[in-house]
Amino acid sequence: MIHPNLNHVNFSMQKKTYHQWILLFILFIGIYLRWASLEPMSLMLHYDEAWNWDDAAEIIANPHFTPFFPGNFGREAGWVYWLAFFGKLLGSSIFTIRFTATITGILTLAAMYRLGRELFNKQIALSILAILSVFYWHVHLSQLALRANLFVLMAALTIGWLLIAYRTNQLPHWFLGGIGMGVLAYTYFSSIFWILLTGVLLFVVYLTDKQRRNGILLALGIAFLLVLPMGFYFFNNPSLLLDRPTSVSTFSSEAILNNFNQWRLAWFKQGDINILFNLPGRPILDVLTGILGLVGLGSFIFIKEWRKKGLLVLGYAIASLIPSLLSTYAPHFLRAAGLILPVTVVLGAGLWGVTALSRKGIDTPAVFLLPLLITGYLGYQTYQDFYQKWLARPEVFVLMEQYIVQSFTFLKENTDLTTPVYFTPFQAGHPVVHYVDSFLLEQPVNAFVGDQCIVLPSGKTNYVSLTMFEPNFADTLGKFAVVEPLYTDPRNPDNPQFTIFSAQADWETAVPPHPSVQFDDVFKVTLLSTLKDSYAPNDVVPITLGITPLHATEMVPSLFVHVYDMPQTAVRSLITQADSQLCASYPAHLWRTDETIIQTFTVNIPSDIPQGKYQISLGIYHFPNGARLPISQSATAASGDTVFNLHQFEINDE
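All of these numbers come straight from a predicted model, not from anything done at the bench.

(A) Representation of the packing of aromatic side chains in the model. Applying the stated criterion across every chain, the model contains 43 aromatic pairs. A centroid spacing of 6.0 Å and a plane angle of 55° characterise the contact between phenylalanine 120 and phenylalanine 300, whose relative ring orientation is tilted. Residue phenylalanine 120 is located in the loop between helix 5 (94-119) and helix 6 (122-134), and its partner phenylalanine 300 is located in helix 14 (residues 287-302); the two are separated by 180 residues in the primary sequence. On the accessibility criterion, phenylalanine 120 (14% relative accessible area) is buried. Considering the side-chain rings of tyrosine 422 and phenylalanine 448, the 5.8 Å spacing of their centres and the 55° angle between planes classify their relative orientation as tilted. Of this pair, tyrosine 422 sits in strand 3 (residues 421-424) while phenylalanine 448 is found in the loop between strand 4 (445-447) and strand 5 (454-457), placing the two residues 26 residues apart along the sequence. We note that tyrosine 422, like phenylalanine 448, is buried. Here the aromatic residues Phe28, Tyr32, Tyr383, Phe386, Tyr387 and Trp390 are joined through ring pairs into a cluster of three or more. The cationic tip of arginine 572 hangs over the ring face of tyrosine 564; the distance from NZ or CZ to the ring centre is 4.0 Å.

Structure follows, in C-alpha cells:
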C-alpha cells in the first residue's frame, strides 16, 4: 500500500520537474532570440558603442576608477567598466562588445524571474519571464552595447533584492539592495527617477515599520557611500554631468503635452521611429499583447491582494516615463527603457490570467499549452521583426557602420599593411574608425570629410568612401591621382553604398606648374587649379590649393583668399573674400609631411564690381586669434610678408 503522503510528494516532485522544464524552455527561447544575432551583429559597431569601447580599452590598459566619462556628451561609468570586464576576459573584438550586450539582456531574464517570484509566485514569475523573453523592445535593446541595457538589469536586481530584504528582514539582503541602488546611479541618467522613487518608498517603510528600520538604514547607507564618488564628481564638474540631460530636456507645457500624446500613440499605433532603438514606428503592443495587458491591469484592480503591488508597478512605470516626457523625440524608447520592466510584469500577469480563465472554461489538459503557444507566437513575431526586417534595412547598414567593418576586413586580408587608409566622409576622431585603426597594425588610418577637403599622400593610398553620400569622390580624387576601384559594396554594385579605392598621387600629370609659397617654414601652399586672366561680374571662381605640412604642428590653421583692387596708389581695397579653417575634419596636428591637403575656396565676384585689374591674394593665420604666419620662402614675395599675391585678372562686362 502506497502511503498518501508519498503520493503527495511524488505529485509535488512531478509538478516541480514540469515547472523546471518549462522554465528551461522559456529561457532557451529568450537566449536564442538574443544570441542568434551574434554573427551578423558582430559585423556592426555603432558610433556610441565604439565610444564606450574606447573608454573600456583605456580602462583595461590603464586600470583606474572614474564615476563618469565626459566624452560623447558624457556617460555614466558603469557600462564602460562592465564592458572592460568582458573585454579583459574575452579580448578586444566586436564579438566581445556584442556578447556583453546580449549577456546583459539574458541576465535580466533571470533577474526578472526572481523579481516575479517575490511579487507573486513561481507560476506568475514564469509568465513574466515568458513575456520578457520574447518582448521585442527588450530583445532589441539586448543587442545594443549601450548604458540603458545595464540600467534595466540593475533596476530588476535592485527591486528584487529589496523585496527579498523586505520579506526576510535580513541584513545581507538589505545590503544587496543598497548596492543595487548605488550602482543604478552609474548606469544611465534615466535611473535617477528609479533611485528617487525607491528612496521615497524605503523612507515610508522606515516611518511605518520599526522592525525594518535597521535594514533600511543599512541599505540607504550603502547606497549613499556608493553614490558619493558621483556626487563629488558632480560637485566639481556639474556642467559635464548635466550636459546631455539638459541638451535634450524640454519643460514647456506644450512640449510635455505633445510627448504625452506621442506615448499614447506608441502603445498601439506608432512607436519610436529611431531605427537604433526600434523597428521604426513599431508600436509597443499588438492585439494579442493588448489583450494580455488588459487582463493584467484588471487582475491588479480586481484581485485585492494585488492592489498594492499594482501601485508599485504603476509608480515605477511613471518613473520610467518621466525622462522621455521631459525630453525631445518622444516616444524615446532608450530614455524610457525602464518601462520594459513594469510592462512585462503587467503582460506576464495577463498571460497568467488568460491561462487561469481558460482552465475554468475549457476542461481539457491541452489548455496547459496555451501560455507556451502564446509565447511561441510572440517569439516568432519578434524574430521576424528583428532578424528579417530590422537587420535587412539599408539604414541599419549605415547606422551601425557595417561598411567600416567590412572594409577593415577586406583591407586587412587583401592589401599591404603599410599602406595608409582614409575613411570618408568622417571626422578624424570617429570612434569606429579609431577602433579599426587599432586592428590594422602598421597601417596609418584616418578620416576626413570629402566635401570639405581631400588628403592625398605622396605614395600609394587606400580610401574607403561612403559612395551614397559622395558619389563623385573618385572623380574629384582622380584630378590629382591615378584611382583604381578595389572593392564595391556587393549588395548593390550599380548603386553601391561604399567603395574602396586605391590611389597613387600623380602631381606632374594632373597639376601644371603653378606658384607656391611657404609660410613660416610650417606650410607649403601650391595653386592646383588654373585661373583665368579675366572674369565677369557674378562669376564664381573656384581656387583649389594644396597645403603640405613641412613639419608637425599643433596650431589650428585657417586660410583666407582675398580679392583686392589694384589702384595707382599704395592703398588697396578688399573687394571679396573666402575664408575657412583648413580641413577641419582632419585637424592639422594629425597631418604628416608626406600628405597634401587639397581644399577648394570659392570666390564670388560681386555684381557691381567695376572694370579694371584685380589681385587674388592668400594667407594663413592661427585660429581663433587671427595671428598671421609670415612668408618664409617664395619666388615672388618678400620674406616676412603675410599676404601672398597669387594671381592677377581683369574684369570685363562680356
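Next comes the rest of the account.
(B) Just unusual backbone geometry, in detail. In this structure, proline 331 follows alanine 330 across a cis peptide bond, with omega equal to 0°. Looking at the element boundaries, proline 331 is found in the loop between helix 15 (307-325) and helix 16 (340-361). Positive phi, normally seen in glycine, also occurs at phenylalanine 73, with a value near 70°. Within the secondary structure, phenylalanine 73 is located in the loop between strand 1 (68-69) and strand 2 (75-76). Residue classification places phenylalanine 73 among the partly exposed residues on the basis of a relative accessible area of 48%. Phi at glutamate 401 is positive, roughly 50°, even though this residue is not glycine. Structurally, glutamate 401 can be placed in the loop between helix 18 (394-399) and helix 19 (402-414). Residue classification places glutamate 401 among the buried positions, given a relative accessible area of 6%.

(C) Region of interest: the state of the cysteines. Summed over the entire model, instances satisfying the criterion amount to 1 disulfide. Note that cysteine 453 is cross-linked by a disulfide to cysteine 583, the S-S spacing being 2.0 Å. Pair noted here: cysteine 453 is in the loop between strand 4 and strand 5 and cysteine 583 is in the loop between strand 14 (574-581) and strand 15 (595-604), with a separation of 130 residues, a long-range link. You can call cysteine 583 buried: its relative accessible area is 0%.

(D) Here's a closer look at the sheet that holds strand 15. The 6 strands lie next to each other as 5-15-12-10-9-17, forming an open sheet whose pairing is antiparallel. The strands lining the two open edges of the sheet, one partner per strand, are strand 5 and strand 17 (631-634). Strand-to-strand twist across the sheet, computed as the mean angle between neighbouring axes with direction ignored, equals 25°.

(E) Up close: the environment of threonine 499. Tracing the backbone through its elements, the reader meets threonine 499 in strand 8 (residues 499-505). Accessibility expressed as a relative area gives 5% for threonine 499, which makes it buried. A C-alpha to C-alpha distance of 26 Å links threonine 499 and glutamine 388, two positions 111 residues apart in sequence. At a separation of 2.8 Å, a polar atom in the side chain of threonine 499 contacts the side chain of threonine 467.

Conventions adopted
Residues numbered from 1 in each chain as written. Predicted model: local features only at pLDDT ≥ 70, side-chain atom pairs only at ≥ 80, totals over all residues. Heavy atoms only, no water. Phe/Tyr/Trp six-rings, centres within 6.5 Å; stacked < 30°, edge-to-face > 60°. Helix = DSSP H or I, 4+ residues; strand = E, 2+ residues; numbered from the N terminus. Buried < 20%, exposed > 50% of the residue type's maximum accessible area, 1.4 Å probe, protein only. Lys NZ or Arg CZ within 6 Å of the ring centre and 35° of its normal. Disulfide = S-S within 2.5 Å. Pairing = 2+ DSSP bridges. Axes fitted to C-alpha atoms, helices over the stretch in contact; angles between N-to-C directions. Polar contact = N/O pair within 3.5 Å; in protein donor to acceptor, adjacent residues only side chain to side chain.

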